[in-house]
Structure formats: C-alpha cells, structure tokens
Amino acid sequence: MVDVVLQNIKKAFGDVEVIKGVDLHIEDREFAVFVGPSGCGKSTLLRMIAGLESISDGDLMIDGQRVNDLSPAERGIAMVFQTYALYPHMTVRDNMGFSLRLAKLPKAEIERKVNEAARILKLEPLLDRKPKALSGGQRQRVAIGRAIVRNPKVFLFDEPLSNLDAALRVQMRIEIARMHSDFDATMIYVTHDQVEAMTMANKIVVLQGGVIEQVGSPLELYHHPRNRFVAGFIGSPTMNFIDTQVQNVQAESVTVSLPGGGSVTAPVKDRGLKVGDKITLGVRPEHLLESGGDGQIQGKVLVVERLGGATYIYAQIEGNQTLTAEIDGNSPVKVNDAVTLGLSGATCHLFTTDGLALEQAARHPLAAIDRGHSVAH
Amino acid sequence: MTTLANQQMTAKPAKNTREIDTRPLLWPSVIVLFLWMIVPLAMTLYFSVIRYNLLNPMLTGFAGLENYTFLFEDPALWTSLWNTLVLVGSVLIITVVFGTLFAVLYNAEFHGRGVARLLVIAPFFVMPTVSALVWKNMLMHPVNGLFAWLQSLVGMEPTDWFTNYPMLSVIVIVSWQWVPFAFLILLTAIQSLDQEQKEAARIDGAGPVDMFFHIVLPHLNRAISVVIMIETIFLLTIFAEIYVTTSGGPGTATTNLAWLIYSVGLLQFDVGYASAGGVIAVVLANIVAIFLVRTVSRNLQQG
Ligand SMILES: Nc1ncnc2c1ncn2[C@@H]1O[C@H](COP(=O)(O)OP(=O)(O)O)[C@@H](O)[C@H]1O
Ligand SMILES: [Mg+2]
C-alpha cells in the first residue's frame, strides 16, 4: 500500500511562487499523470516529490510517512529523466547496478537484479556497452532499468518520451503502461502531451500556473471538464468555443442561441442563469456533424486537412469566429464550400463568463472507467 | 531533360571552384614555422658535433660524438634528468589535485564566489620571475620572509628554504603558478557536467564522496589529460624560477635539464657540449610528447 499524499504543497524560488498550494492524493498502484502547458510547474512538483527540490511549505507523505526532510535516496523513489541522465563512463550494466553498488549489496545479488531488469527490458545484448553506443530508445530503456533495479515504492517520470521520435514514442508508451500493470507500482508521470496523459493515466492532474485545475480519470476530464482551460487542454484538435447567449433556462437543461439564428439545448444544470446572460458554448471538433444534429451552424470552409481516415475542416461562421470540425475522411468537401455543421445537445459544454463549466445533468457512463482494464496482463 | 542538363552544366564549375587548391595559401606560415624550427635545430646539431668553446677559440674542428660521450659520462646529466622528472611529476600531481579540489569547491554557490575565483586564477598572470622573487624575498626568506615570521611567532627556528629544501621550494613556487591553469580548465569542465546526471546519482543514493569519485572525477578525466599534457610541455623547460631562486643549487640539487644546458653553454661557455645537451632535451621532449599525445588522444576518443 504505497500512496503519495500532497498537502498544501508550495514552492517558491526566491520571491516567485511557482507551486501555489497543491493538494493531491495518489492512490496505491495508480498511474498519475501531471499534465499542463510548459512552465506550469509540473517538473517542479515532481522534483519536490523526488526530493531534488526542497518543499517550501506543506507536507509530502509517501507510504504514510512524512518525507519532506528525507534525501532522495531515502524516499524509496526512482526517477527517469527526459535526457535519460545515464552515466556516460559506465556500461549499461554498471549504470543499472550503480544504486545497488552504493547500497553495498553483495556482487551476486547486484548481478542477479541487473540481469533480471535487463531481461524484462530486452537489454541483455547491450549490457556491456556504454550509453554512447546506444540509440535513444535503448538509452531510455536503460534509464527505466536503472529505476527498476531499485525496486522503488514510487516511479517518477519527467517527460521521458519527449526526446524520442513519434513511432518510438508510441511503442515506449505502451511498454511503460505494461510495466505499470506488471509491477503493480505507483507511478507519477509528467508530460505536456495530452495524448500521453489520456492513454496512460488512471488519474490525470491538470496543472496551470502552479495550481491544480482538475483531477480525474481521462474520460472524466474529457466529458466533464471543470472549466474552460481543462476543456481546451484535453482533446485534440482543441475544443471550439463560441461566444453566445442564454435563450432559455429549463430544469436540467439550458438552451443557447447559435450564430446564424439556430439554437441548441444542452442537458446541464443551470446554476442560476438568466435568459440573455452571456455564455460560452464549447463543442469538440469530433462532435460536430456534417449533417443532422439538434442545432445547426452555417459556415464557409477556409482550410481542409485530409488525414485519410478523418478530415479536419476549419470553417468561418457568423461573427468572424472559426470552427474546427472533424468529419469523415471520404467527404468531398472543398475550400470555399458552404457547410452546415450540426451539434447535438448532449455533446455541448457551457461555460459561464468566469470560465467554469456548467455541470452535465448526467455523468458519462465511461467517466469512471479505469485504464487498468485496457491493458492485458 | 534540358533543365537536368542545365543543372549539371552549372553544377560542374561550382564544384571546381570549391575544389580550388588552398594549400599554397598555407605555405607562407608553413615555411616560416619550418625555418623557425629547422634553423636552430640544424645549428644545434652542428654545434653538438664540433669543438666549440667560447673561452678557447683555439679549440676547433670536428669532434664526432665526443661531446655526447662526455655528456653521458657526466653525472650532472643524470642528476638533472632525475631532477626534471621530480620537478615535473610533483608539480603535475600538486596542480591536478589542487586544481580539482578548487574547481569542485568554487563550482558550488557561495557569497563572493566571483572574487574568490579571481584570486585563485591571479597567480597565472604574474610572470615567473616576479612570482619567484616574491616567494624568495617576501615569503621564504629566512630573515624577512612571512614564513620565518610565522615560525618565530610560535618560537620555531626560521627555515632557510632554499638551502635546506631547495627542490621542495622550487616545486612549491612552480605549483603555485600552475594551479590556476589546472583550476581554470577543470572548472569549465565541471560546469559542463550534466545536472540531471548528478540528480540521478543523488536518487541512486550517492553522497558527496561517491558523487566526486563516481560522477565528477570520471567526467573530468579528459580535462585532466589535457591539463597534464599541456603542463608537461611547459614544465619540462622550467628555467626562470630556478634562475631567480637557487641557480640550480645548492650543488646540483635543483639543476634540471634546462638549467644544465644553460650553465654549460652560458656559464662555462662550452657551446658544443651544451648543444649536445640540447639535442638530448629535444629527443626527450619528443618522446614525452609522442607518448602523451597518444595516451591523451586515446583518452579523448574514448570519452
Ligand atoms: N531553479 C529554478 N529557479 C527559478 N525558477 C525556476 C527554477 N526551476 C523552475 N523555475 C520556474 O518555475 C516554473 C515552473 O517550471 P517547471 O516546473 O520546470 O515547468 P514545467 O511544467 O514546464 O515542467 C517556470 O516558470 C520556471 O521558470
Ligand atoms: Mg518540465
């Protein structure tokens, strides 16, 4: 039972407060992903958990023990860095065995543990090479191997895949997810890439400007973003936001007007809205329909991006706003075509002027699903 | 087709201009350097096989290997070679050890680091004669020196450094001048050490001592090789410090090869004999250079 608890954690560099009070509970064996734009403090938060950065205020508990004042080695964590941070003068074997050697384990046991990790990571043929003679993916594996041999309570990853090419990134992503289910370890993973966050996490922690915007399962964040920032950050291409007005307020639903005269009714809780209030309508590109829907928006196609399976169109609508829509890859749509994009009320999000989302009347059935069920053992 | 042909036509002259022979442009400097080296070397070789003593103009003619035979039978040669070895070896060890320690120390953040670094580097900017004079007259002087005064404070008899510990004194002076060089090179090398590597080591449980021996020192490996190579070349010809302080003495206690050649040629005016010594020095320096360049380049390639 290894959980990581952050209680009102703060970090200031000089006068600049970078982490402004973070409360978070990462459960045993959870794969938590910190995600957010560059500079939001993800790495700083992770480095505080690792013990590489002192904690200015608040309590950090690992496995029920307050570890604020423990050294990195005493916290029972292992970390994988973005630049791999391998020791260049040591062979792969020595890189992986370094922590065990420092811990003065018997030679035979070091050998056994290193070989075991090498077997898991398919590094056996490379054990006597120096890091310089390895490819990026292999180096990454060694860095992970170095973490594995320590048998840590918590694995920490700081953007470990950013230096790899796209194909390798997908492969390593799968391997790390597998590793998580094989080791049954608690893992904390930092990335700025929302696709990595969505695919790997049990729990996503969205950070912005040193505060947590929302914590939840990937689909919870996707279907029930707490505010406009999370809605825009999760999902690709990013969500469309349309400034509009409240047309009607009913029990458990709100009707808003659409550019060009239509309207759509979203099943959300109204939170005391009045007719005529300003409101932002959010709808994801993949939820815009080429035809049909509960409400329609007229537009003119500005750009067409064909990916094969899907096509992204960027359409100009009334009020000089642009909408991105993901439509069928076989659609013959051309630039300058007039399009009618349909919305269905169930996929619409409404944000009040303070940026907060109106709560959906019904929870999405998959919002509570655990990624653990999507990886075979 | 036509565009392709055109491209080839235009490509060809372009290639030719790039292939222009640039070697003639190097010739002036190559020639100057060659003359600069070959003329003195040829003259030294020539003088080393003739009888040539400035005090005895009647003594002339081809001497064959006579100068060399005398030289090799002269115990002063072997003493001077040994002294050279001791001097170079000790200074290398001292400068590398202290250079590394200072580099590690002054890489840490502390108040007034800039000034402290400047002070460590300062001796390098003092010319050898001046620094030797400072040490001789202000620090190690048995009557006026700072060390003598310190010793008298605790009731000790002042030490006459240059009489009792001549080689040690020279080693101390030369080391003082060369620690800054080692420090500078090693400091820049330490600064290039990847921070994440150190952090990874901290997570792996490395304390300051493990960090130094397992991470920092291996990282400095190449830089230390470079320091050793460059210093050796300069230290083989140490002269000014000896000239100013001990004049090779007492006896031959601080006579290195450079001083031996000087004393034979310009104190005893036996140019032929000194030239033979010079040739030995050239041969030795080349052996050391080849040996060092080999090891260092192997080290650099590995790193
Ligand atoms: N050692 C430091 N000293 C001062 N400011 C820092 C330091 N490390 C990080 N910061 C600042 O803290 C903020 C968060 O940085 P970081 O945690 O690295 O962001 P990211 O989310 O991109 O990983 C940034 O604005 C950065 O400039
Ligand atoms: Mg970062």
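The rules behind these values
Residues numbered from 1 in each chain as written. Chains lettered and ligands numbered in written order. Predicted model: local features only at pLDDT ≥ 70, side-chain atom pairs only at ≥ 80, totals over all residues. Heavy atoms only, no water. Helix = DSSP H or I, 4+ residues; strand = E, 2+ residues; numbered from the N terminus. Buried < 20%, exposed > 50% of the residue type's maximum accessible area, 1.4 Å probe, protein only. Contact = heavy atoms within 4.5 Å. Axes fitted to C-alpha atoms, helices over the stretch in contact; angles between N-to-C directions. Parallel < 35°, antiparallel > 145°, perpendicular 65-115°, else oblique. Left-handed = near helix turned anticlockwise from the far one by under 90°. Nonpolar A, V, L, I, M, F, W, Y, C, P; charged D, E, K, R; others polar. Near = heavy atom within 4 Å. Polar contact = N/O pair within 3.5 Å; in protein donor to acceptor, adjacent residues only side chain to side chain. Areas by Shrake-Rupley, 256 points an atom, 1.4 Å probe, with all protein chains shown as cover. Patch = residues over 30% accessible without salt bridge, like charges linked within 9 Å, V, L, I, M, F, W, Y side chains within 5 Å. Salt bridge = Lys/Arg side-chain N within 4 Å of Asp/Glu carboxyl O. Pairing = 2+ DSSP bridges. Domains from an automatic or database assignment. Buried area = accessible area lost by both parts, 1.4 Å probe.

### Things to note about the environment of B:Glu231
Residues and elements named next belong to chain B.
Here comes step 1: Structurally, Glu231 can be placed in helix 11 (residues 208-235).
Here comes step 2: Take Glu231: its relative accessible area is 0%, and that puts it in the buried class.
Here comes step 3: Considering only alpha carbons, one finds Glu231 and Ala201, 30 residues apart in sequence, at a separation of 32 Å.
Here comes step 4: Residues in contact with Glu231, not counting those within four places in the same chain, are Val91, Leu92, Thr95, Trp178, Phe181 and Ala182.

### Here we look at the packing of helix 4 (residues 75-107) of chain B against helix 5 (residues 113-121) of chain B
Residues and elements named next belong to chain B.
Here comes step 1: Between helix 4 and helix 5, the least distance of the axes is 10 Å, while the angle of their chain directions is 165°. One finds that helix 4 runs roughly antiparallel with respect to helix 5. The chirality of how helix 4 crosses helix 5 is left-handed. Residues Phe102, Tyr106 and Asn107 of helix 4 pack against Arg113, Ala116, Arg117 and Val120 of helix 5.
Here comes step 2: Residues of the contact of helix 4 with helix 5, tallied by class, amount to four nonpolar, one polar and two charged.

### Considerations on the site of ligand 1
All names here are of chain A.
Here comes step 1: In the region of ligand 1, the neighbouring residues are Phe13, Val18, Ser38, Gly39, Cys40, Gly41, Lys42, Ser43 and Thr44.
Here comes step 2: Gly41 is positioned such that a nitrogen or oxygen atom in its backbone is 3.0 Å from an oxygen atom of ligand 1.
Here comes step 3: Take Ser43: an N or O atom from its side chain is 2.6 Å from an oxygen atom of ligand 1.
Here comes step 4: In isolation ligand 1 offers 560 Å² of accessible surface; the protein chains occlude 55% of this area.
Here comes step 5: Looking at the shell around ligand 1 residue by residue, the class counts come to three nonpolar, five polar and one charged.

### Overview of a nonpolar patch on the surface
Here comes step 1: Together, B:Leu26, B:Trp27, B:Val30, B:Ile31, B:Phe34, B:Leu35, B:Met37, B:Val39 and B:Met43 make up an exposed nonpolar region whose accessible area comes to about 900 Å².
Here comes step 2: Secondary-structure assignment places B:Leu35 in helix 2 (residues 23-48).

### Some words on the sheet that holds strand 16 (residues 310-317) of chain A
Residues and elements named next belong to chain A.
Here comes step 1: An order of 17-16-15-18 is seen for the four strands of this open sheet, with the pairing classed as antiparallel. Since the sheet does not close on itself, it has two edges, and those belong to strand 17 (321-328) and strand 18 (338-343), each with one partner. Adjacent strand axes in the sheet meet at a mean angle of 50°, parallel and antiparallel pairs treated alike.
Here comes step 2: Looking at chain direction, strand 16 and strand 17 are connected through eight bridges and run antiparallel. Residue pairing for strand 17: Thr311 is matched across the bridge by Ile327.

### Some points on the side chain of B:Thr95
Residue and element names in this part refer to chain B.
Here comes step 1: Residue placement: Thr95 occurs in helix 4.
Here comes step 2: Here Leu92 takes part through its backbone oxygen, which lies 3.1 Å from a polar atom of the side chain of Thr95.
Here comes step 3: Not counting chain neighbours up to four residues away, the residues in contact with Thr95 comprise Thr100, Ser175, Trp178, Val179, Ala182 and Glu231.

### Examining the domain arrangement of chain A
Residues and elements named next belong to chain A.
Here comes step 1: Per the domain assignment, the segments of chain A are domain 1 (4-231) and domain 2 (237-351).
Here comes step 2: Between the C-alpha centres of domain 1 and domain 2 the distance comes to 38 Å.
Here comes step 3: With seven residues of domain 1 at the interface, the matching set in domain 2 holds eight residues.
Here comes step 4: In total, domain 1 and domain 2 occlude about 670 Å² of area from one another, counting both sides; carbon and sulfur atoms represent 54% of this.
Here comes step 5: On the domain 1 side of the contact with domain 2, Tyr222, Arg228 and Ala231 bury the most area, a combined 82% of that side's loss.
Here comes step 6: At the boundary of domain 1 and domain 2, one finds zero salt bridges.
Here comes step 7: Run the count over domain 1 and domain 2 and you get three residue pairs in polar contact (both at pLDDT 80 or more).
Here comes step 8: If you list the elements that add at least two residues to the side of domain 1 that touches domain 2, you get helix 7 (218-223) and helix 8 (228-233).
Here comes step 9: It is helix 7 that provides the largest number of residues to the side of domain 1 that touches domain 2, a total of three residues.

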